[in-house]
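What the coordinates show
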Amino acid sequence: MAARSSMLVVVITFLLAAPPAFSEHGRFRATMTRTEPAINLTRAAHKSHKRLSMLAARLDAASGTAQTPLQLDSGGGAYDMTFSIGTPPQQLSALADTGSDLIWAKCGACTRCVPQGSPSYYPNKSSSFSKMPCSSGLCSDLTSQCSAGGAECDYKYSYGLASDPHHYTQGYLGSETFTLGSDAVPGIGFGCTTMSEGGYGSGSGLVGLGSGPLSLVSQLNVGAFSYCLTSDAAKTSPLLFGSGALTGAGVQSTPLLQTSTYYSVNLESISIGAATTPGTGSSGIIFDSGTTVAFLAEPAYTLAKAAVLSQTANLTMAPGRDGYEVCFQTSGAVFPSMVLHFDGGDMDLPTQNYFGAVDDTVSCWIVQKSPSLSIVGNIMQMNFHIRYDVEKSMLSFQPYNCDNL
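These numbers come from a predicted model, not from an experiment.

Before going further, it helps to spend a moment on the pairing of strand β14 (residues 264–272). Counting buried positions along β14 yields eight of nine residues, so the element is predominantly enclosed. Pairing geometry for β14 and strand β15 (residues 275–287), over seven bridges, is antiparallel. The residue of β15 that forms the bridge with Ile-270 is Thr-277. By the bridge criterion, five bridges tie β14 to strand β19 (residues 338–342) in an arrangement that is antiparallel. Bridging from a neighbouring strand, Ile-272 pairs with Met-338 of β19.

Now the structure itself:
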């Protein structure tokens, strides 16, 4: 089948909630809907390489070797989240990003913001809005343009690489009530943006879902969140905040690496058919819902690639393309199994999670070589219930029919 359309651009809509979300035991549910009917692996490769560069740049910045956090790619793999801000609620949509922390929305007319044409939040129309002073804890967590004792926490949050300064959001921090489903959650700190450049899709801002104190995950104080990405584009995928521990058959867990900026784990080894090769070890591999294809850094990539080739000698090879170096004629092909062996858990992947059709006749191994980070992309995560226990620094996963979650 020919690959069509864009990749995993997903709309997240909050539907309902259990007890109030802003508590230690609070829970609420969201849904994710792929807006494109199929994954185009050519475009997926292009967008995923941009995302890889962004994540690597942010990691360098965190270690003091770069000047700016990251470059956000609003293309494939992005999520649009629908929610409301203020009293009465003003509905907006914004990109959701597990690779960053700051929540922000266009405020007021925002004539120097992108994209133009999407709704803005108007703080003067809300009775629950207040500006956050420079003395606030969240302001200290953000690189701000504050003077001592200032009443307004002004910021400029850059998403650009040092060579490209045109990806940023600028404004002031505010505190507001966020409505998630039927629950009004007070006191969420967010950026009220008055100027921005870059690519943020067609929405009104961005919602950070990382593990830092500025993120929605941290501010909701839910301790953990999970999702289950269905492989059926016509169906929604659930996103659960404050979700309990996974139960039932096949649950496996692995520690999140404490030294990582991202949700990263120790990949000890990889099995391809009967062959087992070294993984990324303590360098880690990132679980990232915003990257479509998978990446392996050296030497893990070359060793795993050799294992794939050694197990497929009976197949007819096809020329590589778009960074996919291992491709075969699809007709009659049976591909070897692939298992990721983490510290404490094994992820036995369905074939569709690591081999995909690039056109009507050719399928490729959808793992690419990385010059920096290793990433478990969202295709590889499909049909698994994946839980991020931020509080206990544990990632759990379970093969699952996501339609039943």
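The next point concerns the side chain of Ser-370. For Ser-370, the position within the fold is in strand β23 (residues 367–370). Residue Ser-370 is classed as buried on the basis of its relative accessible area of 3%. For Ser-370, the side chain forms a polar contact with the main-chain oxygen of Leu-373, separated by 2.5 Å. When neighbours within four sequence positions are excluded, Ser-370 is seen to be in contact with Leu-52, Phe-295, Leu-296, Ala-297 and Glu-298.

On to the environment of Gln-252. By the secondary structure assignment, Gln-252 is in strand β13 (residues 252–255). For Gln-252, a relative accessible area of 26% translates into the label partly exposed. Sequence separation between Gln-252 and Leu-395 is 143 residues; the distance between their C-alpha atoms is 8.5 Å. Among residues more than four places away in sequence, those in contact with Gln-252 are Gly-344, Gly-345, Asp-346, Leu-395, Ser-396 and Phe-397. Separated by 2.9 Å, the side chain of Gln-252 and the backbone nitrogen of Asp-346 make a polar contact.

This structure, assessed with the given rule, holds six disulfides. Here Cys-107 pairs with Cys-192 through a disulfide, and the sulfurs are 1.9 Å apart. Disulfide Cys-107-Cys-192: torsion about the S-S bond near -115°, hence left-handed. Separated by 85 residues along the polypeptide, Cys-107 in the loop between β5 (104–106) and β6 (130–131) and Cys-192 in strand β9 (residues 183–197) bring together distant segments of the chain. Note on accessibility: Cys-107 and Cys-192 belong to one class, buried. Between the sulfur of Cys-228 and that of Cys-402 lies a disulfide, 2.1 Å long from S to S. Note on the Cys-228 and Cys-402 pair: the S-S dihedral is about -75°, so by sign convention the disulfide is left-handed. Separated by 174 residues along the polypeptide, Cys-228 in strand β11 (residues 224–228) and Cys-402 in the segment after β26 (394–399) bring together distant segments of the chain. Residue Cys-228 is classed as buried on the basis of its relative accessible area of 0%. When the cysteines engaged in disulfides are numbered in sequence order, the chain pairs them as 1-8, 2-3, 4-6, 5-7, 9-12, 10-11.

Here the structure, examined in full by the defined rule, presents four salt bridges. In this structure, the salt-bridge partner of Glu-325 is Lys-305, at a minimum N-O distance of 2.9 Å. Taken together, the residues span a long stretch of sequence, with Glu-325 in the loop between β17 (317–318) and β18 (327–329) and Lys-305 in helix α4 (residues 300–310) at a distance of 20 residues. A relative accessible area of 22% means that Lys-305 is categorised as partly exposed. In this structure, the salt-bridge partner of Arg-321 is Asp-359, at a minimum N-O distance of 2.9 Å.

How each quantity is defined
Residues numbered from 1 in each chain as written. Predicted model: local features only at pLDDT ≥ 70, side-chain atom pairs only at ≥ 80, totals over all residues. Heavy atoms only, no water. Buried < 20%, exposed > 50% of the residue type's maximum accessible area, 1.4 Å probe, protein only. Helix = DSSP H or I, 4+ residues; strand = E, 2+ residues; numbered from the N terminus. Pairing = 2+ DSSP bridges. Polar contact = N/O pair within 3.5 Å; in protein donor to acceptor, adjacent residues only side chain to side chain. Contact = heavy atoms within 4.5 Å. Disulfide = S-S within 2.5 Å. Salt bridge = Lys/Arg side-chain N within 4 Å of Asp/Glu carboxyl O.

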